[in-house]
Amino acid sequence: MLSIPELMAFGILAFFLLLPIYWDWRLLQVLWHTSVRTIAPPTYLPRATALLSLRGADPSLVDCLGGLLNQDYPQYTVCIVVDSASDPAWEEVQRILARGHPANVQVRVAVLAEHRDTCSLKVSGTLQAIAGLDDQIEVLAFIDGDVIPARNWLRSLVEPLRDPGVGATTGFPWYAPTDTSWGTLVRYLWMAAAVMQMFSFRIAWAGSLAFHARVFRHPRALERWSRSFSEDTGTFGLVRELGLALRFVPEVMTVNPESIDLRSCYTFIRRQLFVTRFQHVWWTPLWMLNVGIIVAVLGACGLLTVGLWAQAWTWVVGAASLLGAYSLAWLLAWLGAEKCIRTIVRRQRADIPDFPLSWKCVLAGPLTLGMHFGCLIAALRVKEIAWRGITYAIYGPHQLRMLEYQPYRPADQVRRAGHSIL
């Protein structure tokens with residue numbers, strides 16, 4: 001029979017191991033309802049602008065622009081801001097636009113005129129685009145160059161903004177690996193778990209993000225963005241300050257088939273966690289709970305090992321039960337999410353590659369957990385962060401400075417086709 005201290009220890013382990021399962025199943029319920037319900041065509045169709053800020057040409061840029069220029073939306077504008085005229089993205093955009101586009105979309109392309117040193121270059125592009133918007137634009141939607149939007153992408157993002165209590169809408173990222181390299185598998189598994197927490201902690205994603213004019217024209221939003229690394233992570237805190245809500249829209253779920261090496265994957269995860277620390281209002285509880293989950297997994301493994309060695313069978317049964325419940329519930333939630341997401345994506349008439357099963361998948365799980373823990377610790381110590389060849393120094397919350405600007409060089413472009421650029 002377990003003593004009171006032992007019961008307390010197992011209770012703490014159970015809390016931290018079952019907490020992510022609760023997050024997973026909350027999102028799974030939303031995805032399942034989205035995948036089975038019949039979605040009525042949106043009727044709220046205000047004047048909207050889709051903004052694409054580019055530095056470097058992502059492998060998916062052609063498909064991204066192809067989808068963006070063919071939205072099922074009556075009249076809208078696509079605003080493209082390229083970091084410099086020497087950027088590889090500039091030539092790629094001009095080549096794509098030379099093919100023509102439907103009459104219902106107006107396209108504006110500009111070079112970034114001011115490289116602000118108090119925010120990222122991407123946010124500089126956002127501020128430049130907002131300054132040039134027509135006063136009648138009610139919705140500003142953001143998209144990244146590695147996102148391939150379905151035809152209903154803009155309609156779905158805009159529809160919830162008809163509610164005067166909603167200030168922003170966002171979607172979810174999902175990776176669909178086509179290879180089994182370690183970096184690709186780790187990023188896939190990490191993001192699959194991260195999406196669950198993004199939903200629970202209200203973390204927006206700039207790859208599919210829209211603001212109503214009551215937010216993006218507000219002086220507080222413009223001032224906040226002028227000191228930000230990105231527009232997305234701080235969205236919840238911003239709209240909450242304005243008395244508005246952030247609404248998640250599973251219908252704009254998009255998949256990214258790009259690959260990545262393990263070192264770049266580490267850089268990617270660390271940067272995502274750093275931006276969360278830098279801009280999200282709930283960073284402290286998020287960090288503490290994530291560390292607690294990892295420690296709980298290690299603690300349960302330790303109790304199982306010690307119990308086997310000492311023949312303390314109550315420890316063995318308790319630890320094995322917790323680890324088994326955690327692993328099985330996460331596996332079922334992952335399989336359910338994968339099935340629902342594939343249904344949502346295919347309903348949009350988009351292709352999604354089959355998951356490449358491999359023996360590596362078994363080892364990629366512990367590797368992902370270890371890398372996540374390392375990045376959680378590293379995110380606390382980061383004083384400088386790099387993004388696409390530019391380094392930013394961090395001085396405090398919403399206090400950063402670009403150390404030195406230089407155009408994106410063609411030599412910096414990833415040479416292997418289909419690999420993400422960072």
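Quick caveat, the model's predicted, so the values are computed rather than measured. (Residues numbered from 1 in each chain as written. Predicted model: local features only at pLDDT ≥ 70, side-chain atom pairs only at ≥ 80, totals over all residues. Heavy atoms only, no water.)

Draft legend 1. Region of interest: the overall build of the chain. Scanning the chain from N- to C-terminus turns up 13 helices and 12 strands. Taken against the 2.2 N^0.38 rule, which gives 22 Å for 422 residues, the C-alpha radius of gyration of the chain at 22 Å falls within 12% of a compact globule. Along the first, second and third principal axes, the C-alpha set of the chain runs to 75 × 50 × 45 Å. Buried residues in the chain amount to 55% of all 422 residues. The long-range share in the chain, meaning contacts at least 24 apart out of those at least 6 apart in sequence, stands at 81%. Accessible surface computed for the chain: about 18,400 Å², of which carbon and sulfur atoms make up 61%. (Helix = DSSP H or I, 4+ residues; strand = E, 2+ residues; numbered from the N terminus. Rg over C-alpha atoms; globule rule 2.2 N^0.38 Å. Buried < 20%, exposed > 50% of the residue type's maximum accessible area, 1.4 Å probe, protein only. Contact = heavy atoms within 4.5 Å. Areas by Shrake-Rupley, 256 points an atom, 1.4 Å probe, with all protein chains shown as cover.)

Draft legend 2. Quick look at the nonpolar core. L52, W153, W174, F216, W225, I269 and Y392 are the most contacted members of the largest nonpolar core, which has 140 residues in total. It is helix 6 (residues 182-200) that provides the largest number of residues to this core, a total of 12 residues. Setting aside anything within four residues of it in sequence, one finds W174 in contact with Y188, A192, V195, M253, T254, V255, N256, A337, E338 and I341. (Core = buried A, V, L, I, M, F, W, Y, C linked by side-chain atoms within 4.5 Å.)

Draft legend 3. Quick peek at the side chain of S124. Tracing the backbone shows S124 in helix 4 (residues 121-131). For S124, a relative accessible area of 1% corresponds to the buried category. When residues no more than four places from it in sequence are discounted, the contact partners of S124 are L112, E114, H115, R116 and C119.

Draft legend 4. Representation of the packing of aromatic side chains in the model. Going through the model one piece at a time under the given rule, you end up with 18 aromatic pairs. Plain terms: the ring middles of F229 and Y392 are 5.5 Å apart, the flat faces sit at 85 degrees to each other, and that makes the pair edge-to-face. Placement of the pair is F229 in the loop between helix 8 (219-225) and helix 9 (235-241) and Y392 in strand 11 (residues 390-396), with a sequence separation of 163 residues. Per residue, the accessibility class of F229 equals that of Y392, and both read buried. When the centroid spacing of 4.8 Å and the interplanar angle of 55 degrees are considered together, the rings of F236 and W282 count as tilted. Within this pair, whereas F236 is found in helix 9, its partner W282 is found in the loop between helix 10 (262-279) and helix 11 (283-310), the two being separated by 46 residues in sequence. The exposure class assigned to W282 is partly exposed, which follows from its relative accessible area of 28%. Site record: aromatic cluster; members linked through ring pairs are W23, F201, F236 and W282. (Phe/Tyr/Trp six-rings, centres within 6.5 Å; stacked < 30°, edge-to-face > 60°.)

Draft legend 5. A look at the sheet that holds strand 11. Taken in spatial order, the 3 strands make up an open sheet running 10-11-12, and their pairing is antiparallel. Unpaired on one side and paired on the other, strand 10 (384-387) and strand 12 (399-402) mark the two borders of the sheet. Here the average twist between neighbouring strands, direction ignored, is 30 degrees. Where helix 10 meets the sheet, its contacts fall on strand 10, strand 11 and strand 12, and the angle it forms with strand 10 comes to roughly 125 degrees. (Pairing = 2+ DSSP bridges. Axes fitted to C-alpha atoms, helices over the stretch in contact; angles between N-to-C directions.)

Draft legend 6. Up close: unusual backbone geometry. Even without being a glycine, R202 presents a positive backbone phi close to 60 degrees. Checked against the element boundaries, R202 lands in the loop between helix 6 and strand 7 (208-212). One non-glycine residue, Q311, lies in the positive phi region at around 55 degrees. Looking at the secondary structure, you find Q311 in the loop between helix 11 and helix 12 (313-347). Taking the relative accessible area as the measure of exposure, Q311 reaches 56% and is therefore exposed.

Draft legend 7. Local environment of the state of the cysteines. Taken as a whole, this structure holds 0 disulfides when the rule is applied. C265 takes part in no disulfide bond, and the closest cysteine sulfur, belonging to C375, lies 7.7 Å away. (Disulfide = S-S within 2.5 Å.)

Draft legend 8. Structural context of the sheet that holds strand 5 (residues 166-170). Judged by pairing direction, the sheet is mixed, and its 7 strands sit side by side in the order 3-2-1-4-7-5-8 without closing on themselves. The open sheet is flanked by strand 3 (105-111) and strand 8 (245-248), the only strands paired with a single partner. Going across the sheet, the axis of each strand differs from the next one's by a mean of 20 degrees, ignoring polarity. As paired strands, strand 1 (residues 48-54) and strand 4 (residues 139-143) are joined by 5 bridges and run parallel to one another. Paired with L51 across the bridge in strand 4 is F142. Across the sheet, helix 2 (residues 61-68) is in contact with strand 1, strand 2 (76-82) and strand 4; its angle to strand 1 comes to roughly 170 degrees. Seen against the sheet, helix 3 (residues 88-97) touches strand 1, strand 2 and strand 3 and runs at an angle of roughly 155 degrees to strand 3.

Draft legend 9. Helix 11, seen in detail. With 28 residues, helix 11 should reach 40 Å at 1.5 Å per residue; the first-to-last C-alpha distance of 40 Å fits that figure. A positive phi of about 55 degrees marks Q311, the residue just after helix 11. (Expected span 1.5 Å × (residues − 1).)

Draft legend 10. Representation of the environment of R263. In this structure, R263 sits in helix 10. The class for R263 is exposed, based on a relative accessible area of 71%. In the structure, R263 is positioned 81 residues away from W182 in sequence and 9.6 Å away in space, judged by C-alpha atoms.

Draft legend 11. Region of the structure containing the pattern of salt bridges. Throughout the structure, instances matching the rule amount to 13 salt bridges. Of the charged contacts, one joins D58 and R388 as a salt bridge, the two residues approaching to 2.7 Å between their closest N and O atoms. Of this pair, D58 sits in the loop between strand 1 and helix 2 while R388 sits in the loop between strand 10 and strand 11, placing them 330 residues apart in sequence. In terms of burial, D58 and R388 fall into one category: buried. R227 is the salt-bridge partner of E223, the closest N and O atoms lying 2.7 Å from each other. Connected through salt bridges with shared partners, the residues K122, D144 and E231 form a single ionic network. (Salt bridge = Lys/Arg side-chain N within 4 Å of Asp/Glu carboxyl O.)

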